[in-house]
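Single-letter residue listing:
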Amino acid sequence: VEIHCSYRYPSRINATVERTFWFTKLQDKEPVDLRTDSKYSGRVQYRCHEKSCTLRISDLRESDSAEYKFRFITNQDVKYSGLPGVTLSVTDLQVTPPGDIMKNDSVTLTCSSDANPAAKYTWYKENQTLLSEEPQLVFSSIQSSDSGQYYCTAQNELGRRTSEAVFINVNYGPKLPSVSVSPSAEIVEGSSVNLTCSSDANPAANYTWYKENQQLLQGPESIYHFPSISSEDRGNYQCKSENQFGRTNSTSLVLDVQCKNKTSANHLDIQFI
């Protein structure tokens with residue numbers, strides 16, 4: 001940002017200006033030159049000539065909000081300050097976050113920055129540069145793959161600012177569950193068996209297990225466990241995945257349980273007399 005000042009002093013004063021500077025605060029009742037203020041180190045430039053002086057501040061920060069005043073000192077040690085000063089208000093670069101987001105919604109992120117000259121914008125996702133260079137990043141039909149952290153930068157010839165990141169969380173109902181059995185080989189009575197139901201959902205789904213349409217188990221666990229399976233556990237199994245955005249049922253899994261082989265031996269005792 002640049003702040004301009006032109007000044008004059010009474011012609012009856014036979015003096016020359018020896019020193020000019022800008023300040024925002026006093027120390028021991030004396031103005032502190034911005035060039036000596038550590039807060040502005042490397043960010044302040046003066047362009048002063050023929051009774052005019054321009055202050056240029058680069059890499060603006062919210063903490064730069066203040067009233068800026070100009071002061072000059074003559075060779076007769078006469079000191080003048082321009083009052084009131086120029087009030088500068090700096091607002092940080094911001095990305096406006098959306099509310100709850102559902103898959104296929106139209107979503108717009110807005111990057112806002114007050115800049116003169118006008119700023120050019122760049123959008124980033126997880127530190128990857130996106131193609132959009134507009135202050136608004138538009139998703140016409142947002143997908144789960146669009147979830148992540150987004151931020152923007154605004155830049156002109158006077159500096160560059162980076163916004164805080166916002167997290168985009170795309171909600172969606174469960175996708176078609178898949179059901180698997182472990183072990184996948186032949187299942188024999190007495191063995192330990194797991195049925196697993198898996199379904200992609202955000203937020204995570206709860207699961208309900210059924211055998212022949214009779215409910216067995218409900219909750220966040222996706223595994224139905226048989227510690228020692230029996231022939232009575234044969235049948236058709238199905239799971240349902242559900243969150244607040246939807247529900248869906250798996251296809252049926254036929255579970256076959258083999259009986260253990262039982263062998264017996266007949267013994268014939270022969271006695272000779």
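Residues numbered from 1 in each chain as written. Predicted model: local features only at pLDDT ≥ 70, side-chain atom pairs only at ≥ 80, totals over all residues. Heavy atoms only, no water.

- The name an unreviewed UniProt entry assigns to the chain is B-cell receptor CD22, from the organism Sander lucioperca.
- Regarding the chain, the relevant UniProt record gives this comment under Subunit (unreviewed entry): "Predominantly monomer of isoform CD22-beta. Also found as heterodimer of isoform CD22-beta and a shorter isoform. Interacts with PTPN6/SHP-1, LYN, SYK, PIK3R1/PIK3R2 and PLCG1 upon phosphorylation. Interacts with GRB2, INPP5D and SHC1 upon phosphorylation. May form a complex with INPP5D/SHIP, GRB2 and SHC1." (UniProt positions renumbered as here; feature names shortened; annotations may be inferred.)

**As for the environment of Gln155**
Stage number 1. Secondary-structure assignment places Gln155 in strand β16 (residues 148-156).
Stage number 2. Taking the relative accessible area as the measure of exposure, Gln155 reaches 40% and is therefore partly exposed.
Stage number 3. Separated by 96 residues in sequence, Gln155 and Asp59 place their C-alpha atoms 9.6 Å apart.
Stage number 4. For Gln155, the contacting residues outside a window of four places in its chain are Ala119, Lys120 and Arg160. (Helix = DSSP H or I, 4+ residues; strand = E, 2+ residues; numbered from the N terminus. Buried < 20%, exposed > 50% of the residue type's maximum accessible area, 1.4 Å probe, protein only. Contact = heavy atoms within 4.5 Å.)

**Remarks on the pairing of strand β22 (residues 206-211)**
Stage number 1. Counting buried positions over the six residues of β22 gives five, a clear majority of the element.
Stage number 2. With six bridges connecting them, β22 and strand β25 (residues 235-243) associate as antiparallel partners. Along β25, the bridge assignment pairs Tyr207 with Ser241.
Stage number 3. Joining the antiparallel neighbours β22 and strand β23 (residues 214-219) is a turn of two residues, in which Glu212 adopts a positive phi near 50°. (Pairing = 2+ DSSP bridges.)

**Observations regarding the nonpolar core**
Stage number 1. Membership of the largest hydrophobic core comes to 20 residues, with the highest contact counts inside it found for Trp22, Leu34, Tyr46, Leu55, Tyr68 and Phe70.
Stage number 2. Elements with a minimum of two residues in this core: β1 (2-6), β2 (17-23), β5 (44-49), β6 (52-57) and β7 (66-74).
Stage number 3. Residue contributions to this core peak at four residues, all from β7.
Stage number 4. Filtering out sequence-adjacent residues up to four positions away, Phe70 remains in contact with Cys5, Tyr7, Thr20, Phe21, Trp22, Phe23, Cys53, Tyr80, Ser81 and Gly82. (Core = buried A, V, L, I, M, F, W, Y, C linked by side-chain atoms within 4.5 Å.)

**Quick look at the packing of aromatic side chains**
Stage number 1. Evaluated as defined, the whole model comprises twelve aromatic pairs.
Stage number 2. Aromatic pair Tyr124 and Tyr151: ring centres 5.0 Å apart, planes at 10°, arrangement stacked. One end of the pair, Tyr124, is in strand β13 (residues 120-125); the other, Tyr151, is in strand β16, and 27 residues separate them in sequence.
Stage number 3. By relative accessible area, which is 13% here, Tyr124 ends up buried.
Stage number 4. A residue is classified by how much of its surface remains accessible, and Tyr151, at 18% relative accessible area, is buried.
Stage number 5. Considering the side-chain rings of Tyr224 and Phe226, the 5.0 Å spacing of their centres and the 90° angle between planes classify their relative orientation as edge-to-face. Both residues of the pair, Tyr224 and Phe226, count as buried.
Stage number 6. In this structure an aromatic cluster arises from ring pairing among Tyr7, Trp22, Phe70, Phe72 and Tyr80. (Phe/Tyr/Trp six-rings, centres within 6.5 Å; stacked < 30°, edge-to-face > 60°.)

**A word on the side chain of Thr20**
Stage number 1. If you trace the backbone, Thr20 turns up in strand β2.
Stage number 2. Taking relative accessible area as the criterion, Thr20 reaches 16% and is therefore assigned buried.
Stage number 3. Ignoring sequence-local partners within four residues, the contact set of Thr20 consists of Tyr7, Arg35, Tyr46, Cys48, Cys53, Phe70, Arg71 and Phe72.

**Points about the state of the cysteines**
Stage number 1. One pass over the full model with this rule turns up three disulfides.
Stage number 2. Each disulfide pairs two cysteine sulfurs, and for Cys48 the partner residue is Cys53, the sulfurs being separated by 1.8 Å.
Stage number 3. You can call Cys53 buried: its relative accessible area is 1%.
Stage number 4. The disulfide that involves Cys111 links it to Cys152, with 1.9 Å between the sulfurs. Disulfide Cys111 to Cys152: torsion about the S-S bond roughly 70°, handedness right-handed. (Disulfide = S-S within 2.5 Å.)

**Side note on the environment of Pro135**
Stage number 1. Examined against the element boundaries, Pro135 turns out to sit in the loop between β14 (128-129) and β15 (136-139).
Stage number 2. Along the backbone, Pro135 and Thr153 are 18 residues apart, and their C-alpha atoms lie at a distance of 9.5 Å.
Stage number 3. Those residues in contact with Pro135 that lie beyond four places of it in its chain are Leu109, Thr110, Cys111, Tyr121 and Trp123.

**Comments concerning unusual backbone geometry**
Stage number 1. Residue Pro183 follows Ser182 across a cis peptide bond; omega there is 5°.
Stage number 2. Along the chain, Pro183 falls in the loop between β20 (178-182) and β21 (193-198).
Stage number 3. Residue Pro203 is bonded to the preceding Asn202 through a cis peptide linkage, with omega at 0°.
Stage number 4. Looking at where Pro203 falls in the secondary structure, it is placed in the loop between β21 and β22.
Stage number 5. Although it is not a glycine, Glu50 sits at a positive phi angle of roughly 45°.

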